[in-house]
Each structure stands twice: as structure tokens, then as C-alpha cells.
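Now for the letters of each chain:
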Number of protein chains: 2
Amino acid sequence: MRHILIIGAGKSTGVLVDHLLSKSKEQHIQLIIADINLQSAQFLSKGHENATAVKLDIFEPEQRKLHIQKADLVISMLPARFHIEVARDCVAFNKNMVTASYVSPEMESLDQEVKEKGLIFMNEIGVDPGVDHMSAMKIIDRITSQGGNLLLFESFTGGLVAPEDDNNLWNYKFTWNPRNVVTAGQGGAAKFIQEGKYKYIPYHRLFRRTELLEIEGYGRFEALANRNSLKYREIYGLDDILTLYRGTMRRVGFSKAWNMFVQLGLTDDTYTLEGSENMTYRDFINSFLPYSPTDSVELKMRHELKIDQDDIMWLKLEELDIFNNKKKTGLKDATPAQMLQFILEDSWTLQPGEKDMIVMYHKFGYELNGEKKQIDSTMVCLGDGGLQTAMAKTVGLPVAIAALKILNGEFTEPGVQIPIKASVYQPILTELENHGIRFRESETEYLGYNKLQV
Amino acid sequence: MRHILIIGAGKSTGVLVDHLLSKSKEQHIQLIIADINLQSAQFLSKGHENATAVKLDIFEPEQRKLHIQKADLVISMLPARFHIEVARDCVAFNKNMVTASYVSPEMESLDQEVKEKGLIFMNEIGVDPGVDHMSAMKIIDRITSQGGNLLLFESFTGGLVAPEDDNNLWNYKFTWNPRNVVTAGQGGAAKFIQEGKYKYIPYHRLFRRTELLEIEGYGRFEALANRNSLKYREIYGLDDILTLYRGTMRRVGFSKAWNMFVQLGLTDDTYTLEGSENMTYRDFINSFLPYSPTDSVELKMRHELKIDQDDIMWLKLEELDIFNNKKKTGLKDATPAQMLQFILEDSWTLQPGEKDMIVMYHKFGYELNGEKKQIDSTMVCLGDGGLQTAMAKTVGLPVAIAALKILNGEFTEPGVQIPIKASVYQPILTELENHGIRFRESETEYLGYNKLQV
């Protein structure tokens, strides 16, 4: 029996556990599912004979070390900032480790030691980051090995509601951490490069600078720039690429409407509102509009944001009931972002049975034998309306698959790493295809950054 | 002979020195003018027999302590963050101290010790903060002493170019630290209260939420909200006031045009631009606009900011030559704000002989004997076109006057303080009037926050 310690029994851990349990007999695996909340761990272990649920507070070093010492491999599904506590013990006790999170500077600093000990710390192996890395590198490596030269790489991912449950005016529901959605894009200008020109978009313009995308069978989407696309030049070995742009996908029209919140200041998470617990939704909105003894909040809002009376944007606001003068959040010392999140959760919470959807879109422009070409690669994954959400599948499956392959010695290169080597991404992508997570490729003429020609 | 040590021989120290030297014989004063740059100190001492210029690096404790020990009073005209070094020595050697800067938490923490030793540390006694405190408290105290109840206090200050030299489309030139002008309003939402309602304006809306003001003989101005007006409730003893709003004055139209820079992201000071030293002005602007192989920077800018072809806003941009494709800033690793400042300094630097202007506008709404009333109080100070700028006069004179009064024992209350007590502001305001810095009051009917009535 080999022991896999899974720390953190959150939403995306379910699919991960199920996959590993389905292989547990043939693979002789025993799972130890550890969480600070024992019930969460028990819910996932389901009384399976190859799973044990334990209560673990990772800030109690003795407990933590004990469990890590007994494991053959450790999967950390904790919030990203907590991985390092686990990682240091994994180094000390010579254990391999898997996470779905970005490599932090602290994690990176362990690389030398991890290599010296011949260990594998595989990170960024969820969906974004994760499936995006693997599916992009597969095509980049192919183009390069054919002698092609990459000119353009654009990559977009979105967590959305599935078409059949897409029934509000925003074409959006929360399918993951709502807080991250409300504060998305904050903390600095978005940076990318287009046709060799560096471009910068400040946060308050981000939602007005979208691109349009279409996925066959799923219709049109829009994409807005992520914070820092530039770092992917080094990560993907695209140092001289002319266009590199990464972004987030939404349904068309979402960003223009979301921009109303940004413009008013409702997404600010840096200060608290006076008397927030007693504010109605209407009071909240009004605190960002000029004072008037007589003018309605509605008219002030229309005027401030220049919304015509027959604009669909207005109906989007009304749908959220944000002008309600009775409903209160009751949140004490809340930031504007916390108030907005509360209001949105009224309307955008996925109901039981409703399905989510993950969409991914890559564009690769390249030159081969003097000819310019373009490959578009898209992936759509739908949730099942239950615990097997698209998000849980696309995060949990690659983590589970990678963990098993490390355990079985199929990956050999040691170090703190991400899945950008063919020896890693090829077998994982192949297995993901068996679970319905597959990319469709199409070749088009090279369009460059601009679709519109003069 | 009494010795006044003046540390920091910058722009606003000239008037301060001149005033003290003009009184030096009758008052038996010897000035020690200290600066890290000896020439700056010598330039101000002018070989006057009652002035000595010395070189002083305040980060060399021995030097610093030696000079402070020998002084009878210390005036610190250093950048605000350096006062504390001086202040600690003043406590140690029992010296009174004067600064024109906001009281920092470190300075505030000395209050108990300063009081115990019977010392006076007078701060915030320049123009803003300074003259604003004194002129406002004079009227607030008068209204209160008559039994009136303050309903509204609004206060605005602006550093502008004098009407006779106001000859560009922006009606603006730099008359003080340009960096502070470029980054003004950043670092959080503006907060104030209007008719009992808390109001918040995010930075990217700040320049679109101005108020109009008029000063007789000087025409119309606009005002935009300062970061935090709310703290003045406690400072001025206006805990229950319904409207409290402090702001910055500009000529009408400045803010709407400045907003173009804010919207593009040109005022951001939090990151550096790739290759900034090789960017032309045009490249700089273009890096905030969408890529196009063919469209001009001009058309992209018009479209992005929705500027009609005959809009005066466009002429304001052209006046700054920001589309020039040859001029470069040459600044390495510059932030957008640093690049913008460089470009603006081309156009907005006060030329020799040109005059600056300080304007101040207070509004006081109050209820007295069941009647609502309003007092407006305004002040305009013009520079002389030389070193006696309006800024140097309105900062330097109150500092100098306060220093002399402390030296002569006319102020008796000890502690770390600001000039909000009648015993302090009355005599200083009277002397300022002799130097032409005077407020004009007018009574109007109470208008409340809204001038427009339905």
C-alpha cells in the first residue's frame, strides 16, 4: 500500500479524491484526506476502505509533520499561501508534492534542495494554471519542432455557467470563489505585448478593452486582459514573440456592464464604508453618487454612467435589485467589494442541479517555411450539475493524474516545476482526453492581432 | 541675541528668512540657515549680518544635535518625513519648534513629553495646512460663540498661475512640486459627508465630480474633493456637522481635461514602463491605446476617450505636444506619472517674471436663532514674479510670525499642536493682513449643498 496525503478537502478536492479512489485497488493506494474540518474530510472519504479522513490543523507542526512523514506523496489543496508550510516538511522528509497553485517565490526557493534530493514538486497543475500550460506547450513545441517561429500567442480561460442554465441578463453566475471575481484585475495595470508594442491598461479601463472570440457550438465570448501576460515569455520560451496576451473569458456584454461597478467604485476592497451594516442596497449605491435632496438614485446613476433609458445595461442593474431600499447586507465594516459580492450572491449563486462550464481558447500565430499560419485550439468542459463541476474536474483530474504518475515513477525530472515539459504534459493530456477534457484545433489564415483590415 | 535655527533652504524658505531678517535688529535675532547644500543656505542669508549659512546633513546626529543645542528655536522646512529627527533633538534639548507640515503619528507621539517640558511644537502653519486652519477656525469660533450651530463647512485651496500670466489652454502652470500635482488624489477613494450622507469617489471619477466656485474679481473656479475630509470633523470640533468637504481649486475645465490622463492611465506611479528612455512622447501615449497596424494614435485616442473633433479638450492635448514623434523624455525605468510630468514640465513651467496665485474659499452654513445662514470667505494672494511667490509668502509668513511669537513668549500653551486656538490664530491672521493676506467675507442666504433647486 502507498499512502497519498491530501491536505484540504474543499470544493475541487472531490473529483481528485474520486479519481484516486477509483484507481485505489489496482494501484494499491490508501488516501489520507486531511482537513481542519473533519466532516469535510469525511464527506469526501465516503467510508471507502481505501480512504481515511483525519482532522489536521497545518499550523500545528507536530501533527502536520507526523502525517507528512507517513505519506509517500503529498497533495496540497490548501489556499496557495499555506503550501509552503507543507512544502518545507516534504523537503525534510523526502516526499514528493503536488499543488494546483502558482509557484510562489518561497516555493521556488526550495528548488535547489528539492533537486538535490531527487524530489518532484509539481505545481500549477489545475486548470488555470495547469491545463492551459499543458495544452499550449503541446502546440508550441509542435510548431517549434517543425521549424516554425511563433509570432503570436493568445490564451483565454473562463469559468462560466453552462448554456442550459445561462438564464440571467449578465450571462454569468459564480462558479468559483466570488471574491476573486469581484476584485479581478485589481492591483496594477494589465501588461502585454502586441506586434512588438508594449501595452498597458489601467484597471478602470480594463473592462472596456475586450476582444471577441467564438467557439463553435457555444457562440461568442469576450476576453479581457489578465494582469501580467509578459512573464509567460520566459515560462513558455517565447522570448522574441511579437504578441503575447492572456485573458479571462466572459459572455459578450458582461464586461461593459461590470464596468458600471468599476466606474462607481463598488469593487474597491481597500477601505471600509461608514455604517455598512445598516445600509440598504440602495444606500450603498447612493454613497457613490452625488448628493441631492430630490433626485432619485436611479436618475443620478443613469446620469453618472450615461445610461440611456432603453439600454439593456439598466435592466442588468435592475435584475440585481440594487436599488432595493429594504434589503441590507448586514455586513459590519464592509469594503465596497464585500457589499457588492453580497448583493451579487443573491442573484448569481449556482442553484442545485445547475451546471458550470470551463472554456479555454488558445491562438498560435507562426511562420513556417516563409508562410504565416494560425492555429486556434479550444476546449469546453461542462459540469454535471452536482459535485462534479467543470471547475472541480479540470482542477482535480490533472492533479490526481500527475500525483499517480509521480508515485509510479513515470516522471523522473526532479525540482520545483510546472507542467511545461512534453514528458509531463503528453501523458496527462492523453488521460484528460479519456475524461472528456479535449481540445479542438483548427487552422486558419494568419490574422495577426487585428481581425479588421483596412 | 536669540538664535533661530532654520533647517532646509528650499523655495518657501526665502520669504520666511526675509521676514525674520527684517525684524532681526529690533528683535535681537540671529538666524542660522542650515542646508545640506551650503550654497542654498548662503543664497538665503545674503551676507546679512544677522544671518549665518551653514552646511548641515540632518542624518549626521552630532552635527545636528550641536546646532539644535545652540538654538533658541528651531524651524524645520525639511520634507515632512524628516521633521521627526529634528523633533526628537528639540525634545532632548528643550527647544521650541515650528513646521509647516501635517502632524505625523511620530510627531504626535511626542506630545506628552513636549507638554511636560513646557515646549511648543507648532505644526501645520503654512498655507494648506495652515492659513486654511486659522481662517476657518476664526469664523467657526465666531459662529459658535454667537450660539450658532454649524451645518456645513466646505473649504478649498488652489495653487495656480496669476490671471495676467494665465495664457495656456489648461489655465494651469506648476507653481509647486509638479510630482504632487501629477499624482494628486491617488491612494484611495475621496471621502466626505454631504447633508449627513457619507460619499465616496474613486480616483478614476474624482476629476469628473467637481463643484463650481466664483471669487469676485477673479472669475470662476472648480473644486475637486481631497482624499479625506472626514478627519476635520474632530480637528475643528464639528462632530455633528452634516456637510464637510475639502477640496482643491483649479480653473474651470482643468479637471475634465486632466481626466483624459487619468482615464488612459498616464498618472499611474506604481510600475515602470518597458524601454521608457527610448520612447517618444507619441510612443508613450500609444502604449495606453489599442494596437493597430494602421490607425493613427490621434484617432485611437479620440475614439478611446470619445473626444469630438471640435472639442477644446483636443486642443489642450495638442498644446502639450504629446503626439510628437521625436521628443523623448530620456527617463530610464520611468513610471507613467514620471513620463507625464516630464512632458507637462515642457509646457507648464512658470517662466521668469511670471506670477503665481494662491486662492482659498471657505463656506460656512449655520443655524442661528432658528434662521439658516451662510458665510463665504475668500482669499487671493499673488506672487511678485520673483522669489516672493504667493506660495512662498503664504507658507513662509505664518511660519515666521509664529516662530517670533513663540520666541517672545506670546504663545503659552505647550504641546504638539496646530494653529486652531484663537490665542494663536488671531494675532497671526492680523499680521498676515498687514502683508496683504486677507480674507473677504460675504453673507448669503443658506444654500446648503445644492445650489440648484427643483
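Residues numbered from 1 in each chain as written. Chains lettered and ligands numbered in written order. Predicted model: local features only at pLDDT ≥ 70, side-chain atom pairs only at ≥ 80, totals over all residues. Heavy atoms only, no water.

## Notes on the overall build of chain A
Alright, step 1. The helix and strand tally for chain A stands at 18 helices and 16 strands.
Alright, step 2. With respect to the three principal axes, the spread of C-alpha positions in chain A is 75 × 60 × 40 Å.
Alright, step 3. Relative to its full complement of 454 residues, chain A shows a buried share of 57%.
Alright, step 4. Partitioning the intrachain contacts of chain A with sequence separation of at least 6 by distance along the chain shows that 70% fall at a separation of at least 24. (Helix = DSSP H or I, 4+ residues; strand = E, 2+ residues; numbered from the N terminus. Buried < 20%, exposed > 50% of the residue type's maximum accessible area, 1.4 Å probe, protein only. Contact = heavy atoms within 4.5 Å.)

## Some thoughts on the relation of the copies chain B and chain A
Alright, step 1. Superposing chain B onto chain A takes a rotation of 180° combined with a translation of 0.1 Å along the rotation axis, leaving an RMSD of 0.1 Å. What the rotation and shift describe, once combined, is the action of a two-fold rotation axis. For chain B, the minimum C-alpha distance to the rotation axis belongs to B:H204 and amounts to 3.4 Å.
Alright, step 2. Most of the interface of chain B is mirrored in chain A, where 100% of its interface residues are also at the interface. (Least-squares fit on C-alpha atoms with pLDDT ≥ 70 in both.)

## Observations concerning the pairing of strand 2 (residues 29-35) of chain B
Residue and element names in this part refer to chain B.
Alright, step 1. Where burial is concerned, most of strand 2 is hidden: 7 out of the 7 residues are buried.
Alright, step 2. Bridging between strand 1 (residues 2-7) and strand 2 involves 6 bridges; their strand directions are parallel. By the bridge assignment, I7 is partnered in strand 2 with A34.
Alright, step 3. Alignment of strand 2 against strand 3 (residues 51-55), held across 5 bridges, turns out to be parallel. Looking at the pairing, D35 lines up with K55 of strand 3. (Pairing = 2+ DSSP bridges.)

## Focus on the interface of chain B and chain A
Alright, step 1. Contact residues are listed per partner, giving 34 residues for chain B and 34 residues for chain A.
Alright, step 2. Both sides of the chain B and chain A interface together cover about 3,300 Å² of buried area, and 53% of this is carbon and sulfur.
Alright, step 3. Where chain B touches chain A, the interface holds 4 salt bridges.
Alright, step 4. Residue A:E304 pairs with B:R209 through a salt bridge whose shortest N-O separation is 3.7 Å.
Alright, step 5. One can count 16 residue pairs in polar contact (both at pLDDT 80 or more) joining chain B with chain A.
Alright, step 6. At the level of elements, strand 8 (190-194), strand 9 (197-201), helix 10 (203-206), helix 12 (254-264) and helix 14 (297-305) of chain B are the ones that each hand at least two residues to the side of chain B that touches chain A.
Alright, step 7. Considered class by class, the residues forming the side of chain B that touches chain A number 16 nonpolar, 9 polar and 9 charged. (Buried area = accessible area lost by both parts, 1.4 Å probe. Salt bridge = Lys/Arg side-chain N within 4 Å of Asp/Glu carboxyl O. Polar contact = N/O pair within 3.5 Å; in protein donor to acceptor, adjacent residues only side chain to side chain. Nonpolar A, V, L, I, M, F, W, Y, C, P; charged D, E, K, R; others polar.)

## Describing the side chain of B:R64
Alright, step 1. By secondary structure assignment, the location of B:R64 is in helix 4 (residues 61-70).
Alright, step 2. Among residues more than four places away in sequence, those in contact with B:R64 are B:L56, B:I58, B:F59, B:E85 and B:D89.

## Structural notes on helix 4 (residues 61-70) of chain A
Residue and element names in this part refer to chain A.
Alright, step 1. Buried residues of helix 4: R64, H67 and I68, and no others. Taken end-on, helix 4 shows its buried residues confined to a sector of 100°, consistent with a single buried face. With respect to the buried face of helix 4, the exposed residues turned more than 90 degrees away are E62 and K70.
Alright, step 2. In this fold, the buried residues of helix 4 make contact with strand 1 (2-7), strand 2 (29-35), strand 3 (51-55), strand 4 (73-76) and helix 5 (83-92). (Arc of directions from axis to C-beta.)

## Details of the environment of A:L273
Alright, step 1. Relative to the elements of secondary structure, A:L273 occurs in the loop between helix 12 (254-264) and helix 13 (281-286).
Alright, step 2. Separated by 161 residues in sequence, A:L273 and A:N434 have C-alpha atoms that sit 50 Å apart.
Alright, step 3. When near neighbours in sequence (up to four residues on either side) are disregarded, A:L273 contacts A:M279, A:F284, A:F288, A:A334, A:T335, A:P336, A:M339 and B:Y200.

## Regarding the domain arrangement of chain A
Alright, step 1. Here the domain parsing of chain A yields domain 1 (2-122), domain 2 (131-257 + 352-390 + 436-444) and domain 3 (272-334).
Alright, step 2. The distance between the C-alpha centroids of domain 1 of chain A and domain 3 of chain A comes to 45 Å. (Domains from an automatic or database assignment.)

## Description of the sheet that holds strand 6 (residues 120-122) of chain B
Residue and element names in this part refer to chain B.
Alright, step 1. Here we have 7 strands laid out as an open sheet, ordered 3-2-1-4-5-6-15, and parallel in their pairing. Each end of this open sheet is capped by a strand with a single partner; those strands are strand 3 and strand 15 (415-417). Direction aside, neighbouring strands of the sheet carry axes that sit 15° apart on average.
Alright, step 2. As defined by bridge partners, strand 4 (residues 73-76) adjoins strand 5 (residues 96-99) across 4 bridges and the pair is classed as parallel. Each residue of the ladder has a partner; that of V74, found in strand 5, is M97.
Alright, step 3. Helix-sheet contacts for helix 1 (residues 13-22) involve strand 1, strand 2, strand 3 and strand 4, and the interaxial angle to strand 1 is about 170°.
Alright, step 4. Where helix 4 meets the sheet, it contacts strand 1, strand 2, strand 3 and strand 4, and its direction lies at approximately 145° from that of strand 1. (Axes fitted to C-alpha atoms, helices over the stretch in contact; angles between N-to-C directions.)

## Regarding the packing of aromatic side chains
Alright, step 1. Per the counting criterion, the structure on display carries 46 aromatic pairs over all chains.
Alright, step 2. Taking the centre distance of 6.1 Å and the plane angle of 85° together, the rings of B:Y203 and B:F207 count as edge-to-face.
Alright, step 3. Given the relative accessible area of 16%, B:Y203 is considered buried.
Alright, step 4. Ring-pair connections join several aromatic residues into one group, and the members of that group are A:W170, A:Y172, A:F174, A:Y203, A:F207, A:F254, A:W258, A:F261 and A:W348.
Alright, step 5. Sitting above the plane of the B:Y232 ring, B:R246 keeps its charged end 3.8 Å from the centroid.
Alright, step 6. Taking the ring centre of B:F254 as reference, the NZ or CZ of B:R250 above it sits at 5.4 Å. (Phe/Tyr/Trp six-rings, centres within 6.5 Å; stacked < 30°, edge-to-face > 60°. Lys NZ or Arg CZ within 6 Å of the ring centre and 35° of its normal.)

## Looking at the sheet that holds strand 5 (residues 96-99) of chain A
All names here are of chain A.
Alright, step 1. Within the open sheet, the 7 strands sit side by side as 3-2-1-4-5-6-15. Their pairing is parallel. The outermost strands of the open sheet, each flanked by one partner alone, are strand 3 and strand 15 (415-417). Averaged over neighbouring strand pairs, the angle between their axes works out to 15° when direction is ignored.
Alright, step 2. The strands touched by helix 3 (residues 38-45) within the sheet are strand 2 and strand 3, with strand 3 carrying the most contacts at an inclination of about 175°.

## Some remarks on the pattern of salt bridges
Alright, step 1. Scanning the model with the defined rule gives 44 salt bridges over all chains in all.
Alright, step 2. Between B:D89 and B:K65 there is a salt bridge whose closest N-O contact spans 3.1 Å. Here B:D89, found in helix 5 (residues 83-92), pairs with B:K65, found in helix 4; they are 24 residues apart in sequence, far enough to count as distant.
Alright, step 3. Residue B:E277 is joined to B:K332 by a salt bridge in which the shortest nitrogen-to-oxygen separation is 3.7 Å. Here the residue B:E277 occupies a position in the loop between helix 12 and helix 13 (281-286), and B:K332 occupies one in the loop between helix 15 (312-319) and helix 16 (336-348), the gap between them amounting to 55 residues.
Alright, step 4. Of the residues examined, B:K332 reaches a relative accessible area of 61% and is grouped as exposed.
Alright, step 5. Among the ionic contacts, a cluster of salt bridges with common partners joins A:R64, A:K65, A:E85 and A:D89.

## Details of unusual backbone geometry
Alright, step 1. The omega angle of the peptide bond from A:D128 to A:P129 is 15°, so this bond is cis rather than trans.
Alright, step 2. As for its placement among the helices and strands, A:P129 is situated in the loop between strand 6 (120-122) and helix 8 (131-145).
Alright, step 3. With a phi close to 50°, A:N171 is a non-glycine residue in the positive phi region.
Alright, step 4. Structurally, A:N171 is set in the loop between strand 7 (149-161) and helix 9 (178-182).
Alright, step 5. Phi at B:D321 is positive, roughly 60°, even though this residue is not glycine.

## Quick look at helix 14 of chain B
Alright, step 1. When we look at burial in helix 14 of chain B, the residues that qualify are B:V297, B:K300, B:M301, B:R302, B:E304 and B:L305.
Alright, step 2. Looking one or two places after helix 14 of chain B, you find B:K306, whose phi comes out positive at around 55°.

## Here we look at the environment of A:K355
Residue and element names in this part refer to chain A.
Alright, step 1. Mapped onto the elements, K355 comes out in the loop between helix 16 (336-348) and strand 13 (356-368).
Alright, step 2. For K355, a relative accessible area of 23% translates into the label partly exposed.
Alright, step 3. Separated by 288 residues in sequence, K355 and H67 place their C-alpha atoms 36 Å apart.
Alright, step 4. Sequence-distant contacts of K355, that is, excluding residues within four places in its chain, are made with V161, A162, E164, D165, L350, G383, D384 and G385.
Alright, step 5. Separated by 3.4 Å, the side chains of K355 and E164 make a polar contact.

## A word on the packing of helix 12 of chain A against helix 14 (residues 297-305) of chain A
Between two packed helices, the angle of one axis relative to the other and the distance separating the axes together describe the packing.
All names here are of chain A.
Alright, step 1. Relative orientation of the contacting elements helix 12 and helix 14 amounts to 100°, with a least axis distance of 11 Å. Considering the angle they form, helix 12 stands roughly perpendicular to helix 14. Mapping the contact onto sequence places M260, Q263 and L264 in helix 12 and M301, E304 and L305 in helix 14.
Alright, step 2. When its residues are assigned to classes, the contact of helix 12 with helix 14 shows 4 nonpolar, 1 polar and 1 charged. (Parallel < 35°, antiparallel > 145°, perpendicular 65-115°, else oblique.)

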